[in-house]
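If you want the building blocks of each chain, they are given just below.
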Amino acid sequence: MNWESASVPAGTFDDPPRKDQVEWRAVSLPARGSDDEDHWFRTTIALTTAMTLRFGGLATVCEVFVDGARLVTSDSMFVRHDVQVSAGEHELVVCSRALTPLLGIQRKPRARWRSRVPVDGNLRWFRTSLLGRAPGFAPAPPLVGPWRPVELVGASTPEIEVRTALDGNDGLVAVRCADEAGELEVNVAGATERLAAGGGTIRVPSPELWWPHTHGEPHLHDLHVRVEAGEAHRRIGFRELGYAADVGRDGLDLHVNGQPVFVRGAVWTPTPLGEERATLERARDGGLNMVRVVGTMVYEGAAFHDACDELGILVWQDLMFANLDYPFEEPAFRALVDEEVRQALARVSGRPSLAVVCGNSEVEQQVAMLGLAPEMGRGEFFGEALPGLVRAAGIDAAYIPSAPTGGARPFRTDAGVANYFGVGAYLRPLDDVRRASVRFASECLAFANVPNEAPPDRRAGVMRDVGADWDFADVRDHYLREIHGVTVEDSDYWDQARHVTGELMAAVFGEWRRESSPCTGGIVLWLRDLVPGSGWGLLSSDGLPKLAWHHLRRAVAPIAVWFVDEGLNGLVLHMANDTPRRIAATLRLSLYRNEELLVDEVETSVQLESHSIREDDVETILGRFVDIGYTYRFGEPQHDTVVATLIGDGLDLSTAFFTPAGIEGRGRGTAEELGLRAEAQRDGGAVDVRLVATRVVRCVRLVAVGAAPEDDGFDLEPGRWKTVRMAPCAAGLVQLNALNLVGSLDVIVP
């Protein structure tokens, strides 16, 4: 098919459509994504045969005209619409009506509470996203018009529903094709069977199981379904999912294939079209094993869920309800949201990555914080109707009515599912993490994370709670001052600010991941920024990792070692092996004085069982008391740096550094004073930078134009060579910076 070339309004389609998608020409676009005006979109299509015109999403109150006849009236951006179109040439027009005048119409029933999160509380009547309508974190412009692809679908692509389950060691695949009268030919895992019209169930002997990537391989199997008119294809996975109710734990305690999974995730934000997979790959490479599609945003499409299945990333799926008192008792509204939920659940059902379905974001919290009756926050819809719809859709996942939820108050952290911002917005010290006794954090650790390039000012891209006289740059700077004594007036402010938020995240997840911790996981707010600057994202708006991403990556890696200072109870070393293989490793423990002189070192063999965490007292490993955390303070400290390295097959698997509280370092020094040397070796398009120093070098950064280091912001142990790959990397210079390095060190790239 030859499509008319058309300019596309910004904010609607940002990339060229696929050949089976429709291009639009804007008839009128008075403002970019404004709710104040109508928006019109027009194109022509030429069909050689009758086809279905599928509108994946129309934002928000829209009408669709084909050859001047109005065929669709849509009141929800979350509901799909199909239109049958005959062969021939047709004019297609979509009108997105101005939302602002509609928001001004008074409707009943009146809201029982009001939220300051959206720009207008009457958004509760409209099935639309808060993206672009929440000034604190997602300011304008909002989505308008055909925000999802408009596709032409032929009869040769049957719609199928697939469910998988385990029966002992065997897999069961239930296939349903409701629109096809004839029998089905199904090929799965190399075996072909015929099913009666409408579908049936196939047994697959001993299939490879799907795992989150941190705990195993996310094995998928090809499924082909052929009917008389055509065929459909998808990839399926087999896994057994358990959660809190199954294992007798409060909160959310996920088990996959019988193994507990400590969740380290991030809230998902919509990406530019076509960048879903690359962003999810960054999440996987950063050690994250869950993303939360949050209720303030939008439902994601097949490309997102396909990538999560393939990459082994669990999905927490919110339904798109957040903060507001929705009029579920109004019949037309209720019918609309029931259809929305059925369609949304159909898109995610049968996917091995789906772990949680959540009714809403912060509705229960909103009610409780206003001092209203707790039952208002749940009601019949979230408490009864949605669980029924989830069961009817055959969803194999935990259902949570709201996030946060549970306990005496949903915003308490020691029961149920909590949002934890004690370390963060509430400026609590790090020891609050232990005191809070978090079971599971559905959101946590929102910081103004500085991108690689310093923004034009400290508040660029920074989020703010509506009505607050502070923002998240103030939060970051509070901890920077309290922990490192650095203020905005200091010359190294940006370097230190870039470092401190990741340092905090690593410390919090180290506390939560301990074997004896009651916490089973946390979801950072959020993965990728919506706009440039110091947003909440671990990734900047262009998808590149910030330094915070690297700090967190080391802390949550499947194989990791880290310290937790237990005060008078000593320094405890924690080792995790989430992988399915047993690891025979060597643990090297080193103590340094003046950040340079090795005063004690011990090596010992350790066995890390698969899917295990262990903890060891550091002084027990050393074989003597050395006041390892400088807690008793008997005289001058005998060491100022403790380093633990886990070594397997000759490679450093993980390294952790510890500096006792109250001990000052030696300060900054030149490369010569630090004994810092570096060399670069080329390997195809990549470069390996090898570096070594005689003193501890803090938060080393390697910078080259267009190159991304595999590790960043790391500490360098005295006398130990470290190699960092940078790819791609052209000839020229790699600049080496560090917090305690005066100036920089240039490394020549061959």
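As a starting point, this report considers the structure included with it.

Quick notes on the rules
- Residues numbered from 1 in each chain as written.
- Predicted model: local features only at pLDDT ≥ 70, side-chain atom pairs only at ≥ 80, totals over all residues.
- Heavy atoms only, no water.
- Phe/Tyr/Trp six-rings, centres within 6.5 Å; stacked < 30°, edge-to-face > 60°.
- Helix = DSSP H or I, 4+ residues; strand = E, 2+ residues; numbered from the N terminus.
- Buried < 20%, exposed > 50% of the residue type's maximum accessible area, 1.4 Å probe, protein only.
- Lys NZ or Arg CZ within 6 Å of the ring centre and 35° of its normal.
- Disulfide = S-S within 2.5 Å.
- Salt bridge = Lys/Arg side-chain N within 4 Å of Asp/Glu carboxyl O.
- Pairing = 2+ DSSP bridges.
- Core = buried A, V, L, I, M, F, W, Y, C linked by side-chain atoms within 4.5 Å.
- Contact = heavy atoms within 4.5 Å.
- Axes fitted to C-alpha atoms, helices over the stretch in contact; angles between N-to-C directions.
- Parallel < 35°, antiparallel > 145°, perpendicular 65-115°, else oblique.
- Left-handed = near helix turned anticlockwise from the far one by under 90°.
- Polar contact = N/O pair within 3.5 Å; in protein donor to acceptor, adjacent residues only side chain to side chain.

## Notes on the packing of aromatic side chains
Here the structure, examined in full by the defined rule, presents 27 aromatic pairs. Ring geometry for Trp 316 and Phe 440: centres 6.0 Å apart, planes at 15°, overall stacked. Pair noted here: Trp 316 is in strand S23 (residues 314-318) and Phe 440 is in the loop between helix H8 (432-436) and strand S27 (441-444), with a separation of 124 residues, a long-range link. Of the two residues, Trp 316 and Phe 440, both sit in the buried class. The positively charged end of Arg 690 is found above the aromatic ring belonging to Trp 721, 4.2 Å away from the centroid. Of note, Lys 722 hangs over the ring of Phe 714, and the distance from its end group to the ring centre comes to 4.9 Å.

## Some words on the state of the cysteines
The full count for this structure, using the stated rule, is zero disulfides. Free of any disulfide, Cys 62 has its nearest neighbouring cysteine sulfur in Cys 95, separated by 7.4 Å. Classification of Cys 62 by relative accessible area gives buried; the value is 1%. In this structure Cys 358 is a free cysteine whose sulfur lies 15 Å from that of Cys 444, the closest cysteine sulfur available.

## Regarding the pattern of salt bridges
Going through the model one piece at a time under the given rule, you end up with 66 salt bridges. Arg 292 is paired through a salt bridge with Asp 318; the nearest N and O atoms lie 2.8 Å apart. One end of the pair, Arg 292, is in strand S22 (residues 290-293); the other, Asp 318, is in strand S23, and 26 residues separate them in sequence. When its relative accessible area of 0% is taken as the criterion, Asp 318 is described as buried. Its salt-bridge partner being Arg 498, residue Asp 495 comes within 3.3 Å of it at the nearest N-O pair. Of the two residues, Asp 495 and Arg 498 are both situated in helix H10 (residues 493-512); the distance of three residues between them amounts to about one turn of the helix. Residue Arg 498 is classed as buried on the basis of its relative accessible area of 5%. One network of salt bridges, with partners in common, ties together Arg 458, Arg 459, Arg 464, Asp 471, Asp 474, Arg 476 and Asp 477.

## Considering the sheet that holds strand S37 (residues 686-692)
Reading across from one edge, S36-S37-S41-S39 is the order of the four strands in this open sheet, with antiparallel pairing throughout. Every interior strand has two partners, whereas the edge strands, strand S36 (677-683) and strand S39 (708-709), have only one. As paired strands, S39 and strand S41 (residues 722-727) are joined by two bridges and run antiparallel to one another. Paired with Ala 708 across the strands is Ala 727, a residue of S41.

## Observations regarding the pairing of strand S17 (residues 231-236)
Burial of the side chains of S17 is restricted to one face: Ala 232, Arg 234 and Ile 236 are buried, whereas none of Glu 231, His 233 and Arg 235 on the reverse face is. Where strand S16 (residues 221-226) meets S17, six bridges bridge the pair, whose relative direction is antiparallel. Counted as the bridge partner of His 221 is Ile 236 from S17. With antiparallel pairing between neighbouring strands as the criterion, S16 and S17 make up a hairpin whose turn holds four residues.

## Comments concerning the nonpolar core
In terms of nonpolar packing, the biggest core is built from 123 residues, with Trp 316 and Trp 512 touching the most fellow members. Look past the residues within four positions of Trp 512 in its chain and what remains in contact with it is Phe 262, Tyr 420, Val 433, Val 438, Ala 441, Cys 444, Ser 517, Cys 519 and Gly 522. Residues Leu 691, Ala 693, Met 726 and Leu 741 belong to the second largest nonpolar core, which totals 25 residues.

## Some remarks on the packing of helix H3 (residues 276-285) against helix H4 (residues 302-311)
In contact at an axis separation of 9 Å, H3 and H4 are set at 30° when each is read in the N-to-C sense. Looking at the two axes, H3 sits roughly parallel to H4. At the point where H3 passes H4, the crossing takes the right-handed sense. Taking contact as the criterion, the partners of Glu 276, Arg 277, Leu 280, Glu 281 and Arg 284 in H3 are, on H4, Ala 303, Phe 304, Ala 307, Cys 308, Glu 310 and Leu 311.

## As for the environment of Arg 235
With respect to the element layout, Arg 235 can be found in strand S17. Judged by relative accessible area, Arg 235 falls into the partly exposed class, the value being 36%. Considered as a pair, Arg 235 and Val 188 are 47 residues apart in the sequence and their alpha carbons are 9.2 Å apart. When sequence neighbours within four positions are dropped, the list of residues in contact with Arg 235 reads Leu 220, His 221, Asp 222 and Glu 310. Among the polar contacts listed, one links the side chain of Arg 235 to the side chain of Asp 222, at a separation of 3.4 Å.

Geometry only, nothing functional implied.
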